[in-house]
Amino acid sequence: MKFPKPKIVSFRDEIEDVNNTSYLTHSLYYHPAKFIPQIVRYCLNKYTKNKGKTLDPFAGSGTTGLEAVTNGYSATLTDINPLLEYFYEIKLPEFSAKEWSKNVLIAEREIDTIFNIDISEIKNKKYDKRLEYWYPIDLLTFFTEIWGRISKKNKSISKVVLILIFFKISKKYSYAEHSMPKLFTSKRKRKEIEETQRGNGFGKTILEEARRELKKINKSVSELLTNYNLKKVDYYSGVDAYTFPFNKKTRADSIITSPPYLQAQEYIRTFKLEMMWLGYSNEKIKSFSKKEIPFRKPEGTITGQYIDKKRDRIKNKKLKEMFDSYFWFTIKALENASTSLKRGGRLCVLVGNPVMEKETVEIWKVIYEYFVSQKGYKLLDVFEDRIVSRKLFGGRKNNNPDGMRYEYLIVLEK
Ligand SMILES: C[S@@+](CC[C@H](N)C(=O)[O-])C[C@H]1O[C@@H](n2cnc3c(N)ncnc32)[C@H](O)[C@@H]1O
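Criteria and cut-off values
Residues numbered from 1 in each chain as written. Predicted model: local features only at pLDDT ≥ 70, side-chain atom pairs only at ≥ 80, totals over all residues. Heavy atoms only, no water. Salt bridge = Lys/Arg side-chain N within 4 Å of Asp/Glu carboxyl O. Helix = DSSP H or I, 4+ residues; strand = E, 2+ residues; numbered from the N terminus. Buried < 20%, exposed > 50% of the residue type's maximum accessible area, 1.4 Å probe, protein only. Expected span 1.5 Å × (residues − 1). Domains from an automatic or database assignment. Contact = heavy atoms within 4.5 Å. Buried area = accessible area lost by both parts, 1.4 Å probe. Polar contact = N/O pair within 3.5 Å; in protein donor to acceptor, adjacent residues only side chain to side chain. Nonpolar A, V, L, I, M, F, W, Y, C, P; charged D, E, K, R; others polar. Axes fitted to C-alpha atoms, helices over the stretch in contact; angles between N-to-C directions. Parallel < 35°, antiparallel > 145°, perpendicular 65-115°, else oblique. Left-handed = near helix turned anticlockwise from the far one by under 90°.

Undergrad: Can you break down the pattern of salt bridges residue by residue, with the values?
TA: Pairing is possible between side chains of opposite charge, provided their charged atoms come close. Taken as a whole and judged by the stated rule, the model has 33 salt bridges. Salt-bridge contacts for Asp381 lead to Lys7; the nearest nitrogen and oxygen are separated by 2.4 Å. On the criterion of sequence distance, the pair formed by Asp381 in strand β9 (residues 378-386) and Lys7 in strand β1 (residues 7-8) is long-range, its members being 374 residues apart. With a relative accessible area of 9%, Asp381 lands in the buried category. By relative accessible area, Lys7 is classed as partly exposed at 43%.

Undergrad: Report on helix α6 (residues 137-152), specifying residues and quantitative values.
TA: Counted at 1.5 Å a residue, the expected span for α6 with its 16 residues is 22 Å, and the 23 Å between its end C-alpha atoms agrees. Along α6, the residues classified as buried are Leu139, Leu140, Thr141, Phe142, Phe143, Thr144, Glu145, Ile146, Trp147 and Ile150.

Undergrad: Talk me through the domain arrangement of the chain; I want residue IDs and the actual numbers.
TA: Annotation of the chain at the domain level lists domain 1 (7-83 + 231-413) and domain 2 (97-226). Computed from C-alpha atoms alone, the centre-to-centre distance between domain 1 and domain 2 is 31 Å. With 28 residues of domain 1 at the interface, the matching set in domain 2 holds 28 residues. Interface of domain 1 and domain 2: buried area, both sides summed, is about 2500 Å²; carbon and sulfur atoms make up 70% of it. Linking domain 1 with domain 2 are 1 salt bridge. Between Lys171 and Glu274 there is a salt bridge whose closest N-O contact spans 3.8 Å. Where domain 1 packs against domain 2, one counts 4 residue pairs in polar contact (both at pLDDT 80 or more). Looking at the side of domain 1 that touches domain 2, the elements with two or more residues in it are α11 (267-270), α12 (272-277) and α13 (282-289). For the side of domain 1 that touches domain 2, the class distribution of residues is 15 nonpolar, 7 polar and 6 charged.

Undergrad: Hey, could you go over the packing of helix α15 (residues 317-338) against helix α16 (residues 363-374) for me, with residue numbers and the actual values?
TA: Relative to each other, α15 and α16 sit at 55 degrees, their axes nearing to 11 Å. Here α15 lies oblique to α16, going by the angle between them. Of the two elements, α15 crosses α16, and the hand of that crossing is right-handed. Residues Tyr326, Phe327, Ile331, Lys332, Leu334, Glu335 and Ser338 of α15 form the contact with α16, whose own contacting residues are Ile363, Val366, Ile367, Tyr370 and Phe371. Of the residues assigned to the contact of α15 with α16, the class counts are 9 nonpolar, 1 polar and 2 charged.

Take a look at the structure:
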């Protein structure tokens, strides 16, 4: 099969009015493998001129959602990660500036109340045994008290703000290496946390940190609410893009998405500590990670000249299974999401080209082969862009230790 040649592009240079990747609420919370807002903006400007609705079935931190609603589009977002509903509620606000200011004041007061806790009184507090591994005991009881108070609050914007703040702080002040996406403890972090405990005590440090976080969140959300007339977003977190009934839930003019990476996944594991703080049982956490791509046994196989040739070259049985699971669930989830795409609608997919057993797998070619050759979609464009700052899952036991240096954007018309 003859494939089109990707056009070399730098999306950062193309979209001149966006010169940083963390403006507005884009960096409200850490999410691994976010895409840069410029890519979404490029797709919106070039392929979906009539505004309308855009869908991201693998929405992650919600980059597509924020770019859409600040540029006059409405959006639907779905993701397997159940925690994203907390981020989206603040990142893509549906409340007024007035409501927001009121809730910031409430959150501020509650942070102060939390820090009037008399630590000696909570010494024997019962805590979740699973969390012992991540904290020294004093810090664990302290955070247990804080999370207990937050969970007792009625559902409100200020409650979600506190959840976001303490997601971040409970990870930062744990043995987890919070600067890395994968959840693991490190000697460096242990030492640092133990020193914080021995020094001035952690209460004051954490109080200051919580106030700083609230200020940061307030600044970005206020800027968003003051300067933009935001369109509506529907979101469904904790749902599987492979089975979600997209065609019943939405009618989209475009899909702008980046599916999980072939060998660099485990998004749910990244958020495990946060889930434990919210009281998710191990079974519940597992029920989400089991549906993460590519951990399930596929019901079929994606075939085609290119994909078959690549599969034949992989000798390791486990890698071959992962390869087949990845393509089955990714392609079928994209196809499932596309059932909600209007005829003539655009499907924009951003993917990498990972290496398996020294073999480069160009994912965009598999997408092309399936959607263009087998399903009658029309190719509009394919681009190659250099990754500048995405922090992928590099390091530890990664089969692709250098990460991926290029990304590809394939644009199809239904
Ligand atoms: C590359 S990330 C998307 C990042 C997003 N573009 C952003 O800017 O933040 C892929 C996402 O797919 C999600 N995911 C993995 N398996 C899924 C499934 N079966 N259904 C829905 N989402 C899934 C992960 O939770 C992750 O957030």
